[in-house]
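Survey of secondary and tertiary structure
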Amino acid sequence: DANGKVTGSEERVAQIVAELNTLIPELNLSYDETTKTLSMTTDEIDRNIEAMLRQAEVTAIQEQLADVLKERVAIETELTKIQGEYDAAVQQFTDDLAAAKQYQEDYNNGLIASAGATVGCNEAYRGLGEAMSEADHKTREIFDTYSELNTRLEELGEEQDILTDRIGSTSAAMEED
């Protein structure tokens, strides 16, 4: 009852107390056979269980938040890697552009030197087209991956905010008790 008094057989009461302590060891409930009372009132037991449930909820939310943060770190690491690939692709594009200029210069010189030397000029021009096409393709792949990772990073930020708010409201409710 509200004062911790227990009615019923002592064996049954002892069995129930043992079961509760097995299920919820933190409760640390005991039964005094002399006074026939429990170490806690029903209200105290209810409050302790409610507090344990809230703590379990906070712990679960904190674990979710840790998972979100781990994924954010992994994505940021991937973004750094992609940024390196992008920088390398830009450098390659710059190099290819310089080569393309050389191909263009060779092409122009070929035209000037001899109208019959068009085969060499055509190869230079084809090389220019292939180099530029390859650089464009790689740059597009990197931009697509970068965009996907940025979108996921934003989603994780929103999820982190939601979980942080849930921890705050659950902690506030625990403090009110």
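Residues numbered from 1 in each chain as written. Predicted model: local features only at pLDDT ≥ 70, side-chain atom pairs only at ≥ 80, totals over all residues. Heavy atoms only, no water.

Brief notes about the environment of Ile75
With respect to the secondary-structure elements, Ile75 resides in helix H2 (residues 42-113). Ile75 gets classed as buried once you look at its relative accessible area, which sits at 8%. In sequence terms Ile75 and Asp165 are 90 residues apart; their C-alpha atoms lie 23 Å from each other. Apart from the residues within four sequence positions on either side, Ile75 is in contact with Leu149, Arg152, Leu153 and Leu156. (Helix = DSSP H or I, 4+ residues; strand = E, 2+ residues; numbered from the N terminus. Buried < 20%, exposed > 50% of the residue type's maximum accessible area, 1.4 Å probe, protein only. Contact = heavy atoms within 4.5 Å.)

Points about the confidence of the model for the protein
Per-residue confidence for the protein averages 86 on the pLDDT scale, and 91% of its residues sit at or above 70. The secondary-structure element of the protein with the lowest mean pLDDT is helix H3 (residues 118-176), recorded at 86, while helix H1 (residues 10-23) shows the highest, at 90. (pLDDT = per-residue confidence, 0-100.)

What to know about a nonpolar patch on the surface
A cluster of nonpolar residues, Phe93, Leu97 and Met132, forms a patch on the protein surface that exposes about 230 Å² of accessible area. When you line up the elements, Phe93 lands in helix H2. (Patch = residues over 30% accessible without salt bridge, like charges linked within 9 Å, V, L, I, M, F, W, Y side chains within 5 Å. Areas by Shrake-Rupley, 256 points an atom, 1.4 Å probe, with all protein chains shown as cover. Salt bridge = Lys/Arg side-chain N within 4 Å of Asp/Glu carboxyl O.)

Concerning a negative patch on the surface
Judged by side-chain charge, Glu134, Glu141, Asp144 and Glu148 come together as a negatively charged surface patch. Looking at the element boundaries, Glu134 is found in helix H3. Glu134 gets classed as exposed once you look at its relative accessible area, which sits at 53%. (Lys, Arg positive; Asp, Glu negative; His and termini not counted. Charge placed at Lys NZ, Arg CZ, Asp CG, Glu CD.)

Things to note about unusual backbone geometry
Non-glycine residue Asn28 carries a positive phi angle of around 50 degrees. Relative accessible area serves as the criterion here: at 61%, Asn28 is assigned to the exposed category. Phi is positive for Lys36, close to 55 degrees, though the residue is something other than glycine.

Things to note about the side chain of Thr139
As for its position among the elements, Thr139 is in helix H3. The contact partners of Thr139, leaving out residues within four places of it in the chain, are Tyr86 and Ala89.

Things to note about the packing of aromatic side chains
For the structure on display, the rule yields 2 aromatic pairs. Centroid distance Tyr107 to Tyr125: 5.5 Å. Interplanar angle 40 degrees. Geometry classified as tilted. Here Tyr107, found in helix H2, pairs with Tyr125, found in helix H3; they are 18 residues apart in sequence, far enough to count as distant. (Phe/Tyr/Trp six-rings, centres within 6.5 Å; stacked < 30°, edge-to-face > 60°.)

Looking at the side chain of Thr37
Relative to the assigned elements, Thr37 resides in strand E2 (residues 37-38). Accessibility expressed as a relative area gives 18% for Thr37, which makes it buried. A polar atom in the side chain of Thr37 sits 2.7 Å from the side chain of Thr35. (Polar contact = N/O pair within 3.5 Å; in protein donor to acceptor, adjacent residues only side chain to side chain.)

Details of the nonpolar core
Within the largest apolar cluster, 14 residues are counted, with the highest numbers of intra-cluster contacts made by Ile75, Leu79, Leu149, Leu163 and Ile167. Elements with a minimum of two residues in this core: H2 and H3. Top contributing element to this core by residue count: H2, with 8 residues. Not counting chain neighbours up to four residues away, the residues in contact with Leu163 comprise Ile61, Gln64, Leu65 and Val68. Membership of the second largest hydrophobic core comes to 8 residues, among which are Val17, Ile24, Met40 and Ile45. (Core = buried A, V, L, I, M, F, W, Y, C linked by side-chain atoms within 4.5 Å.)

A short note on the pattern of salt bridges
What the rule picks out here adds up to 6 salt bridges. Note that Glu50 is salt-bridged to Arg54, the shortest N-O span being 3.6 Å. A residue pair is termed a helical-turn pair when its members lie 3 or 4 positions apart in one helix, as Glu50 and Arg54 do in helix H2 at 4 residues. In this structure Glu50 comes out as partly exposed when scored by relative accessible area, which is 34%.

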